[in-house]
Amino acid sequence: MTACWGSTFFLIKDLLDRVPTLDFLAVRFAIAGVVMVLVAPRAVQRLSPESRRHALVLGGVYGLAQILQTSGLAHTAASVSGFITGMYVVLTPVLAALLLRTRTTRTTWAAVALATAGLGVLTLDGVAVGFGEAITLVSAVLYALHIVGLGAWSNAREALGMSIVQLLVIAVVCLVATAPDGIVLPPTPADWLSVVYMALFAGALALIGQTWAQAHLPPTRSAIIMSMEPVFAAFFAVLLGGEALTARMALGGLMVLAAMLVVEALPRRRKVEAEVQHLAV
């Protein structure tokens, strides 16, 4: 999922030169929502009323976050946008503690700090806080809220239906926001190909994957894993976008990867060791 998201940064940056932000988002999520309704028309009907309400709220939060992040990307460098967006790694455990009363272990806080430092090394080369940076930070808060909300409300059985509702809500939010000025469509076949890829793979399938996965993972662990998004953004920028690989990119990426391993591998290793000791006894 994070690989799909990371692959869109240089595509979006290029596309926004020809298609306004809201128009791009409206078309992207309308395609994603309509296709998923056609593929699984009964998934939404099987949702409980409570899950449907939760999906409506989550879709609204995510839609607003997408608008603010993409608008910010038009006013700031992609690397700075990636770092500020990645601050949801820090914000998620804070919001989870405030809203869900969850406790975060020292190991997890260490992983949060390591991931944040890695994001800084990976992306930042000086940053001045302006309009683009400010609205991107607000989007990071909303993404953190979305992660916390999914952690509290999602379940694997209803992941598909909840994802479809979220996609449709995001599309409606963006369509309403851009309707007064009309909708500008992608002008070239290559642009349409990019939008369809971002709609189906980085939009629909990624959101389904996130909704399903967060039925099994607590919010903070999910956020740390999702911090791999800027790492993949740098990877695809080098592989397909023509950027040069630097030592900072490599070091920052390794730090984020290490944070993910700390939060995922260490608890599992301790669990296995405890089970082995129990069997030995």
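See the structure above.
Keep in mind the model is a prediction, meaning the values are calculated, not measured. (Residues numbered from 1 in each chain as written. Predicted model: local features only at pLDDT ≥ 70, side-chain atom pairs only at ≥ 80, totals over all residues. Heavy atoms only, no water.)

Some remarks on the overall build of the protein chain
Alright, step 1. Secondary structure summary: the protein chain contains 13 helices and 0 strands in total.
Alright, step 2. Starting at the N terminus and ending at the C terminus, the protein chain contains elements arranged as α-α-α-α-α-α-α-α-α-α-α-α-α.
Alright, step 3. By the compact-globule yardstick of 19 Å for 281 residues, the protein chain fits well, its C-alpha radius of gyration being 19 Å.
Alright, step 4. With the principal axes as the frame, the protein chain shows a C-alpha extent of 70 × 50 × 30 Å.
Alright, step 5. Considering only intrachain contacts with a sequence separation of at least 6, the fraction spanning at least 24 residues in the protein chain is 90%.
Alright, step 6. Summed over all atoms, the accessible surface of the protein chain reaches about 13,300 Å², with 69% contributed by carbon and sulfur.
Alright, step 7. Put simply, the protein chain has 17 plus and 14 minus side-chain charges, and the middle of one group is 13 Å from the middle of the other. (Helix = DSSP H or I, 4+ residues; strand = E, 2+ residues; numbered from the N terminus. Rg over C-alpha atoms; globule rule 2.2 N^0.38 Å. Contact = heavy atoms within 4.5 Å. Areas by Shrake-Rupley, 256 points an atom, 1.4 Å probe, with all protein chains shown as cover. Lys, Arg positive; Asp, Glu negative; His and termini not counted. Charge placed at Lys NZ, Arg CZ, Asp CG, Glu CD.)

Comments concerning the nonpolar core
Alright, step 1. Within the largest apolar cluster, 62 residues are counted, with the highest numbers of intra-cluster contacts made by F24, F29, Y88, V89, L167 and I224.
Alright, step 2. Among residues more than four places away in sequence, those in contact with L167 are F29, A32, G33, M36, G203, A204 and L207.
Alright, step 3. If you look at the next biggest cluster of nonpolar residues, it comprises 7 residues, including A55, L58, M162 and V169. (Core = buried A, V, L, I, M, F, W, Y, C linked by side-chain atoms within 4.5 Å. Buried < 20%, exposed > 50% of the residue type's maximum accessible area, 1.4 Å probe, protein only.)

Some remarks on the packing of helix 3 (residues 21-39) against helix 4 (residues 49-73)
Alright, step 1. The interhelical angle for the contact between helix 3 and helix 4, taken along N-to-C directions, is 140°, at an axis separation of 9 Å. On the basis of their axis angle, the class for helix 3 and helix 4 is oblique. Here the hand of the crossing between helix 3 and helix 4 comes out right-handed. Contacts between helix 3 and helix 4 involve T21, L22, F24, L25, R28 and F29 from the former and Y62, Q66, I67, T70 and S71 from the latter.
Alright, step 2. A breakdown of the residues in the contact of helix 3 with helix 4 according to their chemical character gives 6 nonpolar, 4 polar and 1 charged. (Axes fitted to C-alpha atoms, helices over the stretch in contact; angles between N-to-C directions. Parallel < 35°, antiparallel > 145°, perpendicular 65-115°, else oblique. Left-handed = near helix turned anticlockwise from the far one by under 90°. Nonpolar A, V, L, I, M, F, W, Y, C, P; charged D, E, K, R; others polar.)

What to know about a nonpolar patch on the surface
Alright, step 1. Together, V94, L98, L99, L100, W109, V141 and L145 line one region of the surface with nonpolar side chains, adding up to about 570 Å² of accessible area.
Alright, step 2. Those elements that place two or more of their residues in the nonpolar patch are helix 6 (88-100) and helix 8 (131-153).
Alright, step 3. Looking at the nonpolar patch, the element that brings in the most residues is helix 6, giving 4 residues. (Patch = residues over 30% accessible without salt bridge, like charges linked within 9 Å, V, L, I, M, F, W, Y side chains within 5 Å. Salt bridge = Lys/Arg side-chain N within 4 Å of Asp/Glu carboxyl O.)

Brief notes about the side chain of D191
Alright, step 1. As for its placement among the helices and strands, D191 is situated in helix 10 (residues 189-213).
Alright, step 2. You can call D191 buried: its relative accessible area is 5%.
Alright, step 3. Excluding anything up to four places from it in sequence, D191 contacts L15, R18 and P186.

Quick notes on the packing of helix 4 against helix 8
Alright, step 1. Where helix 4 contacts helix 8, the axes come no closer than 8 Å and their chain directions differ by 155°. Viewed along their axes, helix 4 and helix 8 adopt a mutual orientation that is roughly antiparallel. Crossing angle aside, the handedness with which helix 4 passes helix 8 is left-handed. Contacts between helix 4 and helix 8 involve H54, V57, L58, V61, Y62, L64, A65, Q66, L68, Q69, S71 and G72 from the first element and G132, I135, T136, V138, S139, L142, Y143, L145, H146, G149, L150 and W153 from the second.
Alright, step 2. Class assignment of the residues belonging to the contact of helix 4 with helix 8 gives a composition of 14 nonpolar, 10 polar and no charged.

Without other data, these values stay purely geometric and don't point to any function.
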